[in-house]
Amino acid sequence: MKVVICGAGQVGYGIAERLASERNDVSVIDTSRSLVQAIRDNLDARGFVGHGAQPDVLAEAGAEQADMIIAVTLHDEVNMIACQVAHSLFNVPTKIARIRSQSYLRPHWQDLFSTDNLPIDVIISPEVEVGEMVLRRIALPGAMDAVRFADDHIAMVAIECSEDCPVVNTPLDQLTDLFPDLNATVVGIWRGDRLFIPGSNDHMVPGDVAYVVAEKTHVRRALGLFGHEEPEAGRIVIVGGGNIGYFVARQIEKRNFGAKIRVIEDNHDRAVTIADGLKRTIVLHGNGLDQSILKEADVGSSDLLVALTNDDKVNILSSVMAKRHGCKGNLALLNNADYQGFTRMLGIDAFINPRSVTISRVLQHVRRGRIRAVHSIQNGVAEVIEAEALETSPLVGEPLRDLDLPDNLRIGAIFRNGAYVKPTGQTKIRAKDRVVIFAAAAAVRHVEQMFRVSLEFF
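Reading the values: the criteria
Residues numbered from 1 in each chain as written. Predicted model: local features only at pLDDT ≥ 70, side-chain atom pairs only at ≥ 80, totals over all residues. Heavy atoms only, no water. Helix = DSSP H or I, 4+ residues; strand = E, 2+ residues; numbered from the N terminus. Buried < 20%, exposed > 50% of the residue type's maximum accessible area, 1.4 Å probe, protein only. Contact = heavy atoms within 4.5 Å. Areas by Shrake-Rupley, 256 points an atom, 1.4 Å probe, with all protein chains shown as cover. Pairing = 2+ DSSP bridges. Axes fitted to C-alpha atoms, helices over the stretch in contact; angles between N-to-C directions. Right-handed = clockwise from strand over helix to strand, strands pointing away. Domains from an automatic or database assignment. UniProt positions renumbered as here; feature names shortened; annotations may be inferred. Salt bridge = Lys/Arg side-chain N within 4 Å of Asp/Glu carboxyl O. 1 Å grid on protein atoms, 1.4 Å probe; cavity = no way out; pocket = protein on both sides within 12 Å on 5 of 7 lines; lining within 4 Å. Points joined across faces, edges and corners; volume = space filled by probe spheres on them. Core = buried A, V, L, I, M, F, W, Y, C linked by side-chain atoms within 4.5 Å. Expected span 1.5 Å × (residues − 1).

1. Observations concerning the overall build of the protein chain
The helix and strand inventory of the protein chain stands at 14 helices and 22 strands. Along the first, second and third principal axes, the C-alpha set of the protein chain runs to 60 × 60 × 45 Å. Considering the protein chain as a whole, with its 458 residues, one finds that 55% of them fall into the buried category. Across the protein chain, the fraction of contacts at a sequence separation of at least 24, relative to all contacts at a separation of at least 6, is 65%. Total accessible area on the protein chain is roughly 20,700 Å²; 47% of this is exposed by carbon and sulfur atoms.

As structure tokens, this is what we get:
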């Protein structure tokens, strides 16, 4: 696939890195010479210095032969115009744009991005995507990661195994025998600095992070099985009232979570603005690193502090300080992947990487075949993929035990006719089933092939 990426920042670089590693033909455009040079030096991709919305720059980057343009610059207007130019002048089939301003995305203006106006096929709103991820974490205390599939009927959760975890050192096949009515499957284990797909005789040890695919209604039971029975947060402090923090607070009010919310915002004008837009949330003007503000927010008796500022260091330190004051848990937004390896030793319970969330959303549309959703694991070490089985798929019609599947992928769940199906050795996948698969990076291409339309179909 030939892809042109406009924007070489953290998100653009991450997308280019992933696509180039899979041997796609990637060109990246940015006005910053240093960012473009980093692309040229570190990736198997071409870099072009220039404005991503200008026709001559797009032409030089190969837009005439491109299968897709991904516009992820810092400016919504540049992203929109880049897609318009790619469509009007170069007839690029698929156009993806990052749009951050919610003004463009209001339902009243929903026709703006139609083919006859601004022809953008996929709009990615990072604030909404990350905000929804935060809300899922809040709703599932004890989960280090959480994402939903199959119209919200199936979930994948990452669960840490502590020293007193009830299921450590127990072979997975024994767990199946002990809990036969639990609709959940352990599909991956992160141990130390490596990830592996477990077999039936493998077991978990303290410190492992287990990736579990489960029917939505069985997720809390699965968390309890791993020793995580934390109650839902009743008192939440949000540090940072920017787009993400405001979205999260507003949605908690709207969805009736039942939690009491306090928001700490450093900018006075912004604090006033969001206070006017929230009904039941207390907004405090101050710095999340100011101990007096944390005390005023009553962080010591709170169940959860969520740090959502644009500064990773503020998010880390405010999370640590909250724990010192007695807050039961924390969740931090971390843009810099280098910080993520230190979170556990610092006392940070869970973190969200906005870049990873956005890249996962893009990969959903890059992957070939009937791919419905993609979630990236551990900075691209693996992916959780939801795909629809076609009549010609090699998966259809044979018991799972008889399929010649690679060792580095595992089927976690099947969604059939609106219902969850737990995969076992005798299960047969049918056409139109939606299959949730946990695949190591090396197996992703194999998954794509399994869910592509065969020439024999025609």
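2. Some details on the environment of R221
Positionally, R221 belongs in helix α7 (residues 219–225). For the pair R221 and A184, spaced 37 residues apart in the sequence, the C-alpha separation amounts to 9.3 Å. R221 has contacts with F179, D181 and L182, leaving out every residue within four places of it along the chain.

3. Brief notes about the sheet that holds strand β19 (residues 382–388)
Pairing in this open sheet of five strands is antiparallel, and the strands run β18-β19-β22-β20-β21 from one edge to the other. With one partner strand each, in any of the chains shown, β18 (371–377) and β21 (419–421) form the two edges of the open sheet. Neighbour to neighbour, the strand axes of the sheet diverge by 20 degrees on average, direction disregarded. Two elements, β18 and β19, share six bridges in a ladder whose sense is antiparallel. Looking at β19, one finds that S376 is bridged to E383.

4. Thoughts on the pairing of strand β3 (residues 46–49)
Examined bridge by bridge, strand β2 (residues 25–30) and β3 share four bridges and lie parallel to one another. In the sheet register, V28 faces β3, and the bridge partner there is G47. The parallel pair β2 and β3 is bridged by helix α2 (residues 33–42), and the resulting crossover is right-handed.

5. A few points about the domain arrangement of the protein chain
Where interface size is quoted, it is often the accessible area lost as the parts come together. Split by domain assignment, the protein chain resolves into domain 1 (2–124), domain 2 (130–226), domain 3 (235–356) and domain 4 (360–451). Computed over C-alpha atoms, the centres of domain 3 and domain 4 are 36 Å apart.

6. Describing the UniProt feature "domain: RCK C-terminal" (unreviewed entry) in the protein chain
With numbering aligned to this structure, UniProt lists the feature "domain: RCK C-terminal" (unreviewed entry) at residues 144–228 and 372–453. With 16% helix and 35% strand, the stretch residues 144–228 has end C-alpha atoms that lie 11 Å from each other.

7. Notes on the side chain of N315
Positionally, N315 belongs in helix α11 (residues 312–325). Residues contacting N315, with those up to four places away along its chain left out, are A307, L308, T309, A332 and L333.

8. Section: the UniProt feature "domain: RCK N-terminal" (unreviewed entry) in the protein chain
Under the UniProt annotation, the feature "domain: RCK N-terminal" (unreviewed entry) is placed at residues 1–124 and 233–352. Measuring from the first to the last C-alpha atom of residues 1–124 gives 21 Å, for a span that is 35% helix and 22% strand. Taken end to end, residues 233–352 comprises 38% helix and 22% strand; its first and last C-alpha atoms sit 18 Å apart.

9. Comments concerning the sheet that holds strand β6 (residues 122–124)
The six strands lie next to each other as β3-β2-β1-β4-β5-β6, forming an open sheet whose pairing is parallel. Looking along the sheet, the strands with just one partner apiece sit at the ends: β3 and β6. Averaged over all neighbouring strand pairs, the angle between strand axes comes to 15 degrees, with direction disregarded. With respect to the sheet, helix α4 (residues 76–90) is in contact with β1 (2–6), β4 (68–71) and β5 (94–98), its orientation differing from that of β5 by roughly 170 degrees.

10. Considerations on the pattern of salt bridges
For the structure shown, the criterion picks out 22 salt bridges. Here the residues in one salt-bridge network are K2, D25 and R46, joined through shared partners.

11. A few points about empty space enclosed by the protein
Over the atoms, a rolling probe the size of a water molecule traces out where space has been left empty. For the structure on display, the rule yields one cavity of 30 Å³ or more. Space inside the largest cavity adds up to approximately 30 Å³. Lining of the largest cavity is provided by R235, I236, V237, K260, R262, A297 and S302. Secondary-structure elements contributing two or more residues to the lining of the largest cavity are β12 (235–239) and β13 (260–265). Ranked by residue count, the leading element in the lining of the largest cavity is β12, at three residues.

12. A closer look at the side chain of D208
As for its placement among the helices and strands, D208 is situated in the loop between β10 (194–196) and β11 (209–215). For D208, the contacting residues outside a window of four places in its chain are I159, E160, C161, I189, W190, R191 and H203.

13. Remarks on the nonpolar core
Generally speaking, nonpolar side chains in soluble globular proteins are found buried as a group. Ranked by size, the top nonpolar core spans 44 residues in total, and within it I5, I15, I70, I437 and F451 carry the most contacts. Here the element with the most residues in this core is helix α1 (residues 10–21); it accounts for six residues. Formed jointly, this core draws a minimum of three residues from each of two domains, domain 1 (2–124) and domain 4 (360–451). In this structure I437 touches E383, V384, I385, L409, R410, I411, G412, V447, M450 and F451, once residues within four positions along its chain are discounted. V130, I238, L278 and I352 belong to the second largest nonpolar core, which has 29 residues in total.

14. A word on α4
In an α-helix, one turn spans 3.6 residues, which is why side chains three or four residues apart end up on the same side. Here α4 contains 15 residues, and its C-alpha end-to-end distance of 20 Å stays within 8% of the 21 Å for a straight helix at 1.5 Å per residue. Contacts from the buried residues of α4 go to β1, α3 (55–60), β4 and β5. Where α4 ends, the next residue or the one after it, N91, has phi of about 55 degrees, a positive value.

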